[in-house]
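What follows is each chain in one-letter form.
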Amino acid sequence: MNGFARRTEQKKKAIKQAVLQLLQTNDPREITIQAIAKRAHVSPVTIYNHFGSKENLIRETLMDDVIRQVEEFEAFSKQDHSFEEKVKHTIFQKVNMFKEGRVNIVQRLMQEDEEFRRLVERLYETRVLPLVVEMIRQAQEKGEVDPRLSIEALLLYLNGWRELSEKILSSFYSERLVEEMVRLFFYGIKGETR
């Protein structure tokens, strides 16, 4: 990569980082190109030249962020962790997204932006779902998950927990709540039996 291309990528990265910072405290509709430019130390023209519009910039920034999270999930899941540790990591990852305010923005963008929704769904179907299925299979082989349960039933169970976690207000999340949710996930309300 030559110097010009490297500087261009650095500017685009700074612009996207500015968007993520602004999204922590602002609704996307309230963010202006001028505010992004000021925070990224670039001109508004630079933003338009690279992204075309504020909407494209926000879409691309959030898509990059979703892909980054998937890559972190892939990397963590390929390490030698127990299934319980992988579930806990996933919950903490979601908690961090809630704290940074991006979950609601991503959900709203998925409802309002067909292209973004298709991109996220494709990412889920091609990368996340196969990874989760493989994690379940490995957990069943290790005896961490009942091997008599079908993958379909376990995916429904996981999906139910994912939907439940999205309904909890981010202000309620704490390390203790996450620990309790993981305990409930694995042992139900009766608790671990030995």
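See the structure printed just above.
This text gives an overview of the structure that appears in the document. This structure is a prediction, so every number in the text was calculated from the model and none was measured. (Residues numbered from 1 in each chain as written. Predicted model: local features only at pLDDT ≥ 70, side-chain atom pairs only at ≥ 80, totals over all residues. Heavy atoms only, no water.)

## A word on the overall build of the protein chain
Moving on, step 1. Helix and strand counts for the protein chain come out as nine helices and zero strands.
Moving on, step 2. Secondary structure of the protein chain in N-to-C order comes out as α-α-α-α-α-α-α-α-α.
Moving on, step 3. In the protein chain, once contacts between residues fewer than 6 apart in sequence are set aside, the share between residues at least 24 apart is 64%.
Moving on, step 4. Here the protein chain has roughly 12,200 Å² of accessible surface; of this, 52% comes from carbon and sulfur atoms. (Helix = DSSP H or I, 4+ residues; strand = E, 2+ residues; numbered from the N terminus. Contact = heavy atoms within 4.5 Å. Areas by Shrake-Rupley, 256 points an atom, 1.4 Å probe, with all protein chains shown as cover.)

## Examining the environment of F116
Moving on, step 1. In this structure, F116 sits in helix α7 (residues 114-141).
Moving on, step 2. Residue classification places F116 among the buried positions, given a relative accessible area of 0%.
Moving on, step 3. In the structure, F116 is positioned 10 residues away from V106 in sequence and 9.0 Å away in space, judged by C-alpha atoms.
Moving on, step 4. Not counting the four nearest positions on each side in its chain, F116 is found in contact with R59, L62, M63, V106, L109 and M110. (Buried < 20%, exposed > 50% of the residue type's maximum accessible area, 1.4 Å probe, protein only.)

## Brief notes about helix α9 (residues 175-187)
Moving on, step 1. For α9, which comprises 13 residues, the first-to-last C-alpha distance of 18 Å matches the rise-based estimate of 18 Å (1.5 Å per residue) to within 8%.
Moving on, step 2. All of the buried residues along α9 are V178, M181, V182 and F185. Down the axis of α9, the buried set is contained in an arc of 100 degrees. They therefore lie on one face.
Moving on, step 3. Phi for G188, located one or two positions after α9, is positive at around 70 degrees. (Expected span 1.5 Å × (residues − 1). Arc of directions from axis to C-beta.)

## Some details on the side chain of S53
Moving on, step 1. By the element assignment, S53 lies in the loop between α3 (44-51) and α4 (54-78).
Moving on, step 2. Its relative accessible area of 19% is what places S53 among the buried residues.
Moving on, step 3. One polar contact links the side chain of S53 to the main-chain amide nitrogen of N56, over a distance of 3.1 Å. (Polar contact = N/O pair within 3.5 Å; in protein donor to acceptor, adjacent residues only side chain to side chain.)

## Structural notes on the packing of aromatic side chains
Given two aromatic rings, one states the distance between the centres and the angle between the planes to describe the pair.
Moving on, step 1. If you walk through the whole model with that rule in mind, you get four aromatic pairs.
Moving on, step 2. For the ring pair F83 and F186, a centre distance of 5.8 Å and an interplane angle of 90 degrees mean the geometry is edge-to-face. In this pair, F83 is assigned in helix α5 (residues 83-99) and F186 in helix α9, connecting sequence segments 103 residues apart.
Moving on, step 3. Taking relative accessible area as the criterion, F186 reaches 22% and is therefore assigned partly exposed.
Moving on, step 4. Ring geometry for F185 and F186: centres 4.8 Å apart, planes at 80 degrees, overall edge-to-face.
Moving on, step 5. Taken together, the ring pairs in this structure connect F83, Y157, F185, F186 and Y187 into an aromatic cluster. (Phe/Tyr/Trp six-rings, centres within 6.5 Å; stacked < 30°, edge-to-face > 60°.)

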